[in-house]
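Summary of the model geometry
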Amino acid sequence: MLYYSLKNNNNFVSFEKAVLKGLAPDGGLYIPEYIPILKKNFFDQIYNYDIFTIAISVIKPYIGKSIPDEYISNIIYDTLNFPFPMIEIHDNIRVLELFHGPTLAFKDVGAKFMSECLSFFYKKIGKKITVLVATSGDTGGAVAKGFHKKLGIEVIILYPYNGISSLQKKQISSLGDNILAIEINGNFDDCQNMVKKAFLDKEIQKKYILTSANSINIARWIPQMFYYFLAYRQIIIEEKKKHPIELIFSVPSGNFGNICAGMMAKKMGLPIKFFIASTNINDTIPRFLKSGKYNPTSVKKTISNAMDISNPSNFSRIWNFLYKKNIIELKKVLYSYQFTDKETIDIIEKVYKKYNYMLDPHGAIGYLGLKKYLQKFNNTLYKTIFLETAHPIKFLDKMPYFIQKNIVFPKQMKTFFNSKRKIKKISMINNFNIFKNWLLEK
Ligand SMILES: *Cc1c(COP(=O)(O)O)cnc(C)c1O
């Protein structure tokens, strides 16, 4: 399997090269040259397979010869080493919980998978690899944890000094070793801009093998397909192998990496009827599907802050690659609704009181999207699922008071609150040249 840039379809690179580069040199996102279709037999037998076998079958064609088969299996065992439970909350509304990983966010899967791939490439090329990433919260924590103590890999995480929660700050900056946390006296966009400039800088490129760990990197993006396959397997088992079953997913979306992976899973043959992209008031995509006009505005701050993105990078993979700019075809498989902070808080309260289930602000938006669809179409033909992308404890200060009182601390929290770990970070003013000189001199 080879990859090419969305901006130029003449230049093909291997999985290894695409992962090491992150973004193509022309600034385009990498996409696979084709989408492998899984055999009917794979789906007929899916209840017989464990989650590892499924994940290996799904990912192998995308890696090609870049990593040997036995090593891919090891990567998958290490990546999927926590549960992904699915629960029916009420009336055909199921939650797929993706937050049982080490940093309580679904990004743990992509981050771990990518770190294991880079580890393999380091052993092969023998040169230190530097991962440079800007974060508005969850990515930084997941990447720090996933890459901690990986030999030959150094991680530099830029985060805005007042833009992330204290728990997230701890997750990023208390590990140390090969994880360098840099607190920028600016906002997330400033961090992102410094990272982008660094990738284009000739002098920095000379000194470092630099890659990114955002969902633009195919090693972060592609493994997110697993969630959709694992959900299908569980439904098939619950329904006692009855065929055919079709699924509908509501995905809380920010940079649209997760939902884009789901849409690729559908193209591989997974029986998904369609997707609901649920967003907060950063609603470029719901507006686009209504009007056909792509009009990102400035970013608005919300309580579902991991989705405060108005120009989602991965949407270009959906639009240009998966659906070839065909709005009619796209609208058959993608609905999109946006919700306010007030609606988010209200539904967190309501679902907790009525069904004793605690949503986080992102999952709450996923729930709202699914609910809105079901109210409109009252559909019982399909199995309907929303994704819960973070544990509510990560956003405790944004939760209604009586929820704060009742929240149960997950065991992963002990690592961050009970340890004597100190915050180790470098503070830097928002100036690219200072960052550049630091990189060149360190
Ligand atoms: C990153 C993130 C999202 C958005 O995922 P995308 O792939 O960027 O659309 C949603 N919820 C949480 C908790 C996240 O951390």
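Residues numbered from 1 in each chain as written. Predicted model: local features only at pLDDT ≥ 70, side-chain atom pairs only at ≥ 80, totals over all residues. Heavy atoms only, no water.

**A look at the packing of aromatic side chains**
To keep it simple, the criterion reads: Stacked, tilted and edge-to-face are the three classes applied to pairs of Phe, Tyr and Trp rings, where Trp contributes its six-membered ring and a pair requires centres within 6.5 Å; stacked means planes under 30 degrees apart, edge-to-face means over 60, and tilted covers the rest. Strands here are runs of E lasting at least two residues and helices are runs of H or I lasting at least four, both read from the DSSP assignment and numbered beginning at the N terminus. Relative accessibility thresholds used throughout: buried, under 20% of the residue-type maximum; exposed, over 50%; partly exposed, between the two (1.4 Å probe, protein chains only). Whether a charge lies above a ring is judged from NZ of Lys or CZ of Arg, which has to be within 6 Å of the ring centre and within 35 degrees of the ring normal.
Across all of its chains, the model carries 31 aromatic pairs by this definition. Both rings, one in Tyr352 and one in Phe402, keep their centres 5.9 Å apart while their planes meet at 45°; by these two values the pair is tilted. Of this pair, Tyr352 sits in helix α16 (residues 341-355) while Phe402 sits in helix α18 (residues 401-406), and the two are 50 residues apart along the sequence. Overall, the relative accessible area of 17% leaves Tyr352 in the buried class. Considering the side-chain rings of Tyr367 and Phe386, the 5.6 Å spacing of their centres and the 90° angle between planes classify their relative orientation as edge-to-face. Taken together, the residues span a long stretch of sequence, with Tyr367 in helix α17 (residues 361-377) and Phe386 in strand β13 (residues 383-388) at a distance of 19 residues. On the basis of relative accessibility, which here comes to 2%, the residue Tyr367 falls in the buried class. These aromatic residues form a ring-pair network of at least three members: Phe82, Phe84, Phe106, Tyr227, Tyr228, Phe249 and Phe275. One cation-aromatic arrangement involves Lys442 over Trp438; the distance from NZ or CZ to the ring centre is 5.9 Å.

**Topic: empty space enclosed by the protein**
Worth spelling out the cut-off: Grid points spaced at 1 Å and placed over the protein atoms alone form the basis of the search, with a cavity being a set where a 1.4 Å probe fits but cannot get out and a pocket an open set showing protein on both sides within 12 Å along at least five of seven lines. Lining residues have an atom within 4 Å of a point. Grid points are joined across faces, edges and corners, and a volume is the space filled by probe spheres set on the points. Each residue is assigned to one class: nonpolar for Ala, Val, Leu, Ile, Met, Phe, Trp, Tyr, Cys and Pro, charged for Asp, Glu, Lys and Arg, and polar for all the others, Gly among them.
Applying the stated criterion across every chain yields a total of two cavities of 30 Å³ or more. Roughly 60 Å³ of internal volume is contained in the largest cavity. As for the largest cavity, its lining consists of 13 residues, and the residues nearest its centre are Gly254, Phe256, Thr279, Asn282 and Ile309. Computed from the structure, the second largest cavity encloses a volume of approximately 30 Å³. Every residue lining the second largest cavity is listed: His90, Ile347, Lys350, Val351, Tyr355, Tyr367 and Lys371. Mapped by element, the contributors of at least two residues to the lining of the second largest cavity are α16 and α17. A per-element tally of the lining of the second largest cavity places α16 first, with four residues. Classifying every residue of the lining of the second largest cavity by side-chain character gives four nonpolar, one polar and two charged.

**Some words on the packing of helix α11 (residues 225-238) against helix α12 (residues 257-267)**
Our working rule: Lines fitted to C-alpha atoms define the axes here, with helix axes fitted over just the stretch in contact, and angles between the N-to-C directions of these axes take values from 0 to 180 degrees. Should an angle fall under 35 degrees it is taken as roughly parallel, and over 145 as roughly antiparallel, whereas 65 to 115 is taken as roughly perpendicular and any remaining angle as oblique. Working rule for handedness: look at the near helix, and if it is turned counterclockwise from the far one by less than a right angle, call the crossing left-handed; if clockwise, right-handed. What makes two residues a contact is simply this: any of their non-hydrogen atoms within 4.5 Å.
Viewed as axis vectors pointing N to C, α11 and α12 meet at an angle of 55°, and their least axial separation amounts to 7 Å. The orientation of α11 with respect to α12, classified from their angle, is oblique. As for how α11 packs across α12, the hand of that crossing is right-handed. Of the residues in α12, those in contact with Met225, Tyr227, Tyr228 and Phe229 of α11 are Asn258, Ile259, Ala261, Gly262, Met264 and Ala265. Here the residues of the contact of α11 with α12 are counted per class, giving eight nonpolar, two polar and no charged.

**Let's talk about the pattern of salt bridges**
What counts is decided by this rule: Each reported salt bridge corresponds to a side-chain nitrogen of Lys or Arg within 4 Å of a carboxyl oxygen of Asp or Glu.
Per the counting criterion, the structure on display carries 18 salt bridges. Here Lys40 makes a salt bridge to Asp44, at a shortest N to O gap of 2.7 Å. You can see Lys40 and its partner Asp44 sitting in helix α2 (residues 40-44), four residues apart, about one turn around the helix. For Lys40, a relative accessible area of 62% puts it in the exposed group.

**A closer look at α11**
The following threshold applies: Take the number of residues in a helix, subtract one, and multiply by 1.5 Å to get its expected span.
For α11, which comprises 14 residues, the first-to-last C-alpha distance of 21 Å matches the rise-based estimate of 20 Å (1.5 Å per residue) to within 8%. When α11 is considered as a whole, its buried residues turn out to be Met225, Phe226, Tyr227, Tyr228, Phe229, Leu230, Ala231, Tyr232, Ile235 and Ile236. Where α11 ends, the next residue or the one after it, Lys240, has phi of about 55°, a positive value.

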